[in-house]
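Structural overview
Next come the chains, spelled out residue by residue.
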Amino acid sequence: MLYPDTITLTNPLDMHLHLRDGEMLHHIARESAKSFSGAIIMPNLVPPVTSKEEVQAYRKRIVEAIGDETFTPYMTLFFKPTYDKTFLESVKNDIAAIKLYPAGITTNSEGGVSGFDIEELRPALEAMEELDIPLCIHGETNGFVMDREAEFVPIYEKLAAAFPKLKIIMEHITTKESVAALERFENLYATITVHHLYITLDDVAGGMLNPHLFCKPIAKRPEDREALLKAALEAHPKVMFGSDSAPHPRHAKESCGCAAGVFTAPVALQLLAQLFEHHGAPLEHLQQFVSGTAQKIYGITPPSKNVILEKKPYTVKETYGGVVPMYAGETIDFSIREIQHG
Ligand code: NCD
Ligand code: ZN
């Protein structure tokens, strides 16, 4: 297939994004707000976002930080088993989803869930099911690092079977086991990052250690990346793009005790265009992966924006507000030529 030199993406969505707070929010929010129509905003602040007041106030701070960009922050709450139906009804219009973290599994997740006892989770999850609030899950156990996600698949399946009408989104999947689980339960969906479509553990730790590619879940084996690539390039109807762009200050990454998270917001769409071109995948599939599928699954209509990418070398900046992006200083094949607002 002859690939066009320009690619127009309509209303791109990032279905898993960390915008942080305070100074960091102000430094990095526009990097997403410029080129995306909207994003699902993760609630793992310190302390996490767990009340209506907090979610409304955080949304306001985001809207201030993005200035005049056309961008919808789709907010989330940090899951607590104590959420009841009255509370969830009162907060439903302020959120697009609720994010569940296993306790202590990743950055700022200490107040998460342990044990995954269905009866303990039932009141909150049944209420979410009734109110049609999707549940996003960071699916990792505390087992051996390379096995954590595959070990979590039975927990996804237990939840999907116990709450068949609950939309469960397996966040930032990295394994062939998670891709396979999509076919077994109608109510399981997934997001995939751009970095997990590019890298394996070899890129993180196979040569000189690259802390800027260290994240949770850790990048896996070539066959896992193949399974993720297949799902994305084919525009699997249950798979959405979610960058998991997770900025940390440079000193927190280039240090002993490196923080987990890859910052991809400024390069995500260019890298996706490069990937689809490299594999000769149809552009309609890219459009589905970065917008159409998410609109269907979440039932959202983002504000209108056209991002025109062109095949022109782009050298990635070394830092954005003190944060080192993926492929800093390297040259990639696609640039953003223009962004049109509808
Ligand atoms: C994320 C962060 O830094 O908040 N880190 C990461 O490695 N992805 C948390 C998360 O999504 O796990
Ligand atoms: Zn994340």
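Preceding this section is the structure that the text describes.
Cut-offs used in this document
- Residues numbered from 1 in each chain as written.
- Chains lettered and ligands numbered in written order.
- Predicted model: local features only at pLDDT ≥ 70, side-chain atom pairs only at ≥ 80, totals over all residues.
- Heavy atoms only, no water.
- Near = heavy atom within 4 Å.
- Polar contact = N/O pair within 3.5 Å; in protein donor to acceptor, adjacent residues only side chain to side chain.
- Nonpolar A, V, L, I, M, F, W, Y, C, P; charged D, E, K, R; others polar.
- Salt bridge = Lys/Arg side-chain N within 4 Å of Asp/Glu carboxyl O.
- Buried < 20%, exposed > 50% of the residue type's maximum accessible area, 1.4 Å probe, protein only.
- Pairing = 2+ DSSP bridges.
- Helix = DSSP H or I, 4+ residues; strand = E, 2+ residues; numbered from the N terminus.
- Axes fitted to C-alpha atoms, helices over the stretch in contact; angles between N-to-C directions.
- Bend = angle between axes of the 7 residues up to and from the residue.
- Contact = heavy atoms within 4.5 Å.
- Donors = N, O, S within 2.8 Å, 3.2 Å for Na, K, Ca; no water.
- Tetrahedral: all angles 85-135°; square planar, octahedral: opposite > 155°, others 65-115°.

Here's the deal with the site of ligand 1
Around ligand 1 there are 15 residues in total, and Arg20, Asn44, Thr106, Lys216 and Asp244 lie nearest to it. Here an oxygen atom of ligand 1 sits 3.2 Å away from a polar atom, N or O, in the side chain of histidine 138. In the model, an oxygen atom of ligand 1 is placed 2.9 Å from a nitrogen or oxygen of the histidine 248 side chain. Considered class by class, the residues forming the shell around ligand 1 number three nonpolar, nine polar and three charged.

Some points on the pattern of salt bridges
One pass over the structure, following the stated rule, counts 13 salt bridges. A salt bridge links glutamate 223 to arginine 221; its shortest N-O distance comes to 3.0 Å. For glutamate 223, a relative accessible area of 35% gives the class partly exposed. Given a relative accessible area of 48%, arginine 221 falls into the partly exposed group.

Overview of the sheet that holds strand β3 (residues 38–41)
If you trace the three strands from one edge of the open sheet to the other, you get β2-β3-β4, paired in parallel fashion. The sheet is open, and its two edges are formed by β2 (13–17) and β4 (72–74), each paired on a single side. On average, each strand axis in the sheet is tilted by 20° relative to the strand beside it, whichever way the strands run. Two elements, β2 and β3, share three bridges in a ladder whose sense is parallel.

Comments concerning helix α1 (residues 22–35)
Roughly 35° is the biggest bend found in α1, and it falls at isoleucine 28. Against the buried residues of α1 lie β2, α2 (52–66), α11 (268–278), β11 (305–315) and β12 (331–341).

Observations regarding the coordination of the zinc ion (ligand 2)
Ligation of the zinc ion (ligand 2) by protein atoms is provided by His16 (NE2), His18 (NE2) and Asp244 (OD), these donors lying 2.0 Å from the ion. Coordination geometry of the zinc ion (ligand 2): the four donor atoms subtend angles of 92 to 138° at the metal centre, consistent with an arrangement described as irregular. We note that the donor set of the zinc ion (ligand 2) lies within a single chain, spaced as H-x1-H-x225-D. Taken together, the residues histidine 16 in strand β2 and aspartate 244 in the loop between β10 (239–241) and α10 (250–253) connect sequence positions 228 residues apart. Both residues of the pair, histidine 16 and aspartate 244, count as buried.

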